[in-house]
Amino acid sequence: MSGDQAAGGATAQPSSSASAGAAREPLASSEPVGLAVIGLGVIGRRMLEQAASVPGLRVRAAWDIDPQACRLAQADFPGTVIAADPQTLVSRSDVDVVYVGTPPAFHRPYALMAAAQGRRVFCEKPLTSSLDDAHRLVAELAELGTPNAVNFVYASAPSADYLQRRLSEGSLGAIQGIDMRVFFSQWPREWQASAQWLRAREQGGFVREVLSHFVYLSIRLFGDCRLIGAQVSWPPDATLCELAASATLECAGIPVTMSASAGGAGPDEVLYTVRGTRAALRLSHWYEVSESDGQAWRPVEVPSARYPDQRVAAYQEQLRNLERFGRGLSHPLPDAALALRVQTIIEGILSVR
Ligand SMILES: NC(=O)c1ccc[n+]([C@@H]2O[C@H](COP(=O)([O-])OP(=O)(O)OC[C@H]3O[C@@H](n4cnc5c(N)ncnc54)[C@H](O)[C@@H]3O)[C@@H](O)[C@H]2O)c1
């Protein structure tokens, strides 16, 4: 099934009837930004949960192609309104931002449906499941002129802000290299057992799902990055995702080594390391910062405002920035064009056979 077919029969192209839908009145600063959520799996449910603690955001309604996912969301998040269909959802007059939280193959049709309705689009990463689709989506969104943003959480994570601050102070010395390392004993991870699309080559795999965050972070911290070379180990079953991948990138002249694998015993590793001549900084388990001046890694306490947990802090700060995006204020969230730059590197790696 193509992404367009799966979008509940909705047209992927802007139509005159769609753009004639209910216009949103200018938002008063006292009024919360209205959110519509499409896709009620792991990440859509996380949005329902986390948005509830941001006073400036209000989930107005949601929809998922799977009725069971809709029922579960209503049971677990009482008060969730389920729309009759996606077009009804994005046309609601109280919706400012449409959050697209489906698997990547379906991002484009829903993003276009929302944009055609004049709604701001907040799309999950990776932007789409194919580079062609991503190029088309970026051009189509630019033509529609609706603001868009993509959910790379390192855009707002206090630990990523900390890395950026230390880099701009120059306290690591001259940057010599960046290492990205991920290992998962099981892919998809246990908590993603229901997301079987993550096992499939068509739109899943840990290179797209996880390393895209590190590529985004590198672009955020260092500027443009390009792929120099890659090697990928594929399983014999051509429908399944990669077993391992390694790649070399260059970001602002800095060499980047990337290595990723899944399967086998041992704790999962999600490590991003920046090495300077004076010190190195490392993100482990996504958001925990540690530092070395040549000795053993020692943890760094990163202020995370009201949130004791860096993961929650990252998500909450992202939602505060989503509120700013919804109000048309300045915000640090990357747009689809930047997500396309990330995806160009990721799909470049995955094109190696
Ligand atoms: N930003 C992050 O940190 C982060 C973290 C995890 C996942 N993600 C991204 O979020 C997206 C969803 O991932 P997930 O883990 O929630 O997957 P999931 O499989 O748990 O949930 C996807 C949901 O989308 C629904 N769906 C599938 N096709 C649909 C369609 N055509 N129309 C409407 N609904 C449809 C499914 O029924 C399911 O409920 C992916 O793009 C993934 O890469 C982002």
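Residues numbered from 1 in each chain as written. Predicted model: local features only at pLDDT ≥ 70, side-chain atom pairs only at ≥ 80, totals over all residues. Heavy atoms only, no water.

1. Section: helix H6 (residues 107-116)
Argument step 1. Among the 10 residues of H6, 10 are classified as buried, and the element is accordingly described as predominantly covered.
Argument step 2. Every buried residue belonging to H6 is among His 107, Arg 108, Pro 109, Tyr 110, Ala 111, Leu 112, Met 113, Ala 114, Ala 115 and Ala 116, and all of these are buried.
Argument step 3. At the C-terminal side of H6, Gly 118 shows a positive phi close to 80°. (Buried < 20%, exposed > 50% of the residue type's maximum accessible area, 1.4 Å probe, protein only. Helix = DSSP H or I, 4+ residues; strand = E, 2+ residues; numbered from the N terminus.)

2. With respect to the site of the ligand
Argument step 1. Taken together, 26 residues lie near the ligand, and Ile 43, Asp 64, Tyr 110, Trp 197 and Glu 209 sit nearest.
Argument step 2. One nitrogen or oxygen atom from the main chain of Ile 65 is found 3.4 Å from a nitrogen atom belonging to the ligand.
Argument step 3. Glu 209 places a polar side-chain atom, nitrogen or oxygen, 2.7 Å from an oxygen atom of the ligand.
Argument step 4. The fraction of the free accessible surface of the ligand (850 Å²) that becomes covered by protein chains is 91%.
Argument step 5. More than half of the atoms of the ligand fall within 2 Å of the grid points belonging to the largest pocket. (Near = heavy atom within 4 Å. Polar contact = N/O pair within 3.5 Å; in protein donor to acceptor, adjacent residues only side chain to side chain. Areas by Shrake-Rupley, 256 points an atom, 1.4 Å probe, with all protein chains shown as cover. 1 Å grid on protein atoms, 1.4 Å probe; cavity = no way out; pocket = protein on both sides within 12 Å on 5 of 7 lines; lining within 4 Å. Sits in = over half its atoms within 2 Å of the grid points.)

3. A short note on the domain arrangement of the chain
Argument step 1. Assigned domains within the chain: domain 1 (3-151) and domain 2 (155-308 + 335-350).
Argument step 2. Contacts between domain 1 and domain 2 engage 21 residues on the former and 16 residues on the latter.
Argument step 3. Sorting the residues of domain 1 by area buried against domain 2 places Lys 125, Ser 129 and Leu 131 first, and these three jointly supply 31% of that buried surface.
Argument step 4. Here domain 1 is connected to domain 2 by 1 salt bridge.
Argument step 5. A salt bridge links Lys 125 to Glu 209; the nearest nitrogen and oxygen atoms lie 3.4 Å apart.
Argument step 6. Across the contact surface, domain 1 and domain 2 share 5 residue pairs in polar contact (both at pLDDT 80 or more).
Argument step 7. Of all the secondary-structure elements, those providing two or more residues to the side of domain 1 that touches domain 2 are helix H3 (42-51), helix H7 (131-144) and strand E5 (148-150).
Argument step 8. Per element, the largest residue contribution to the side of domain 1 that touches domain 2 is 5 residues, and it comes from H7.
Argument step 9. Partitioned by chemical class, the residues of the side of domain 1 that touches domain 2 number 13 nonpolar, 6 polar and 2 charged. (Domains from an automatic or database assignment. Contact = heavy atoms within 4.5 Å. Buried area = accessible area lost by both parts, 1.4 Å probe. Salt bridge = Lys/Arg side-chain N within 4 Å of Asp/Glu carboxyl O. Nonpolar A, V, L, I, M, F, W, Y, C, P; charged D, E, K, R; others polar.)

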